[in-house]
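# Summary of structural features
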Amino acid sequence: MSTSVVPRRVWTTLGEPALRTVARIAAVGASGARVEDRVQLILDELRTVVPYQAVMLAGTDPVSGRTREVVQSGYPARLSEYMIGDGFRTEMIEPFAHSLRGWPMRECDLPMDPLSLRPIAEHLRPAGYPEGLLMTLTVDDDRDVGFLIMSVDDARTPPSDEAITSIGHVAALLSNLVDPLGDARRLASVLGDEQTAVAILPDGTTAPLRGAAPPDLLDRGSRLRQAADRLARGRSADTPFTWLDDEGAWYSCRLLRCRDGIVVLTMTGCEQRHRLTRRELEVLTHLAAGSTNDEIAAELVVTTRTVRAHVERVMEKLAVGSRSGAVARAIREGLLMP
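Rules used throughout
Residues numbered from 1 in each chain as written. Predicted model: local features only at pLDDT ≥ 70, side-chain atom pairs only at ≥ 80, totals over all residues. Heavy atoms only, no water. Helix = DSSP H or I, 4+ residues; strand = E, 2+ residues; numbered from the N terminus. Rg over C-alpha atoms; globule rule 2.2 N^0.38 Å. Contact = heavy atoms within 4.5 Å. Areas by Shrake-Rupley, 256 points an atom, 1.4 Å probe, with all protein chains shown as cover. Lys, Arg positive; Asp, Glu negative; His and termini not counted. Charge placed at Lys NZ, Arg CZ, Asp CG, Glu CD. Buried < 20%, exposed > 50% of the residue type's maximum accessible area, 1.4 Å probe, protein only. Pairing = 2+ DSSP bridges. UniProt positions renumbered as here; feature names shortened; annotations may be inferred. Phe/Tyr/Trp six-rings, centres within 6.5 Å; stacked < 30°, edge-to-face > 60°. Lys NZ or Arg CZ within 6 Å of the ring centre and 35° of its normal. Arc of directions from axis to C-beta. 1 Å grid on protein atoms, 1.4 Å probe; cavity = no way out; pocket = protein on both sides within 12 Å on 5 of 7 lines; lining within 4 Å. Points joined across faces, edges and corners; volume = space filled by probe spheres on them.

Where an unreviewed UniProt entry is consulted, the protein chain appears under the name Response regulator transcription factor, with the organism given as Pseudonocardia acidicola.

Following this line, the structure appears as structure tokens:
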């Protein structure tokens, strides 16, 4: 099927009830509830404008690129499996829904007989769904991050123009909900060209956001990943730190929290900071944790006298007059090691 065949785009002015529905959906989307709970509440609201018998909200996995169900209700298992597969994408989404770029279309808006299309004739109609709507979910850089499909069981009552318009107005909100890396990508877009950024998902997988990530960051068994994972389990929303790799290269790093348990790790190659050595950074990090000289000595397997010498050199290099002053500057400048 030619991708140049564009379905009819429907738009109308919303009445007060529809405007209130859109406003309620916007409030749900901005809440701090779990994604699954927000999606379900939004679909419940949308049912007031489209009395659907079946619905599926699907998203694209940020790592594998495969389509996954976010919420599905009413569709038989075989039909829902087909709709998240490549066939439905190439035969229905890409030729038609994609062309409207995040605006809904109904079967009756198609510029040809719906029964000439295999997804409708061989899958939706036999399942008892003669009408409905389909909408791709897109983000700012025009990527498709999923789709929404709703089906009704009466061809005489397709979704109204007002319903189509209402759903079109909340498309961006739905796109943000199904794209777990949306916030992370927006954060990465404002970073400097010299910075590398990687998203770490709750299951431990990583997704590159900007630049070429150091191999150690992609290896879940590496010291860097173990350190980043430990920091991610903390509560701080913004954690700066310094990293020295095994070859002695210095990196200025920052761990930033996004929604839904995703963290972004940024790394920027840098020169040696304040002439500090790795061991002096380790001592400084233990100082910031509140450790005494004796405790640091035991941890680093050195004498207390050696620790005192390290502390004095750290204070001298940071141009401060006290241990607390060294810790304050280290925290301010992100000099601590994880």
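Picking up where we left off.
## Here we look at the overall build of the protein chain
A count of helical and extended segments in the protein chain gives 14 helices and ten strands. Taken over the C-alpha trace, the protein chain has a radius of gyration of 27 Å; the compact-globule value for 338 residues is 20 Å, which it surpasses by more than 25%. Dimensions of the protein chain, computed from the C-alpha atoms along their principal axes, are close to 85 × 40 × 35 Å. When contacts within the protein chain are restricted to residue pairs at least 6 apart in sequence, those whose partners lie at least 24 apart make up 58%. Carbon and sulfur atoms make up 50% of the accessible area of the protein chain, which totals about 16200 Å². In the protein chain, 40 side chains carry a positive charge and 46 a negative one; their mean positions are 6 Å apart.

## Quick word on the pairing of strand β10 (residues 263-270)
Most of β10 is tucked away, with six of its eight residues classed as buried. Sheet analysis places strand β6 (residues 196-200) next to β10, joined by five bridges and oriented antiparallel. Bridge pairing in β10 places Val198 opposite Leu265. Counting the residues between successive antiparallel strands, the hairpin from strand β9 (residues 250-257) to β10 contains five residues, one of them, Asp260, with a positive phi of roughly 60°.

## Points about the UniProt feature "domain: HTH luxR-type" (unreviewed entry) in the protein chain
In the numbering used here, UniProt assigns the feature "domain: HTH luxR-type" (unreviewed entry) to residues 269-334. Summarising residues 269-334: 68% helix, 3% strand, and an end-to-end C-alpha distance of 14 Å.

## Focus: the packing of aromatic side chains
The geometry of an aromatic ring pair comes down to the distance between the two centres and the angle between the two planes. Under the defined criterion, the tally for this structure stands at three aromatic pairs. When the centroid spacing of 5.7 Å and the interplanar angle of 70° are considered together, the rings of Tyr82 and Phe88 count as edge-to-face. Each member of the pair, Tyr82 together with Phe88, is buried. An aromatic cluster is built from Tyr82, Phe88 and Phe147, whose rings are joined through pairwise contacts. Its end group placed over the ring of Trp103, Arg9 keeps NZ or CZ at 4.3 Å from the ring centre. In this arrangement the basic side chain of Arg47 is found over the ring face of Tyr52, its NZ or CZ atom lying 4.4 Å from the centre.

## Quick notes on helix α8 (residues 182-189)
Along α8, the residues classified as buried are Gly182, Ala184 and Ala188. Looking straight down α8, one finds that the buried residues subtend no more than 165° of arc, so they occupy a single side. Its buried side turned inward, α8 meets α7 (171-178), β6, β7 (206-210) and β10.

## Observations concerning empty space enclosed by the protein
Within the structure shown, the criterion is met by one cavity of 30 Å³ or more. A volume near 100 Å³ is recorded for the largest cavity. In terms of lining, the largest cavity is formed by 14 residues, of which the most central are Glu107, Leu124, Leu133, Leu134 and Ile149. Mapped by element, the contributors of at least two residues to the lining of the largest cavity are β3 (105-106), α5 (118-124), β4 (131-138) and β5 (144-152).

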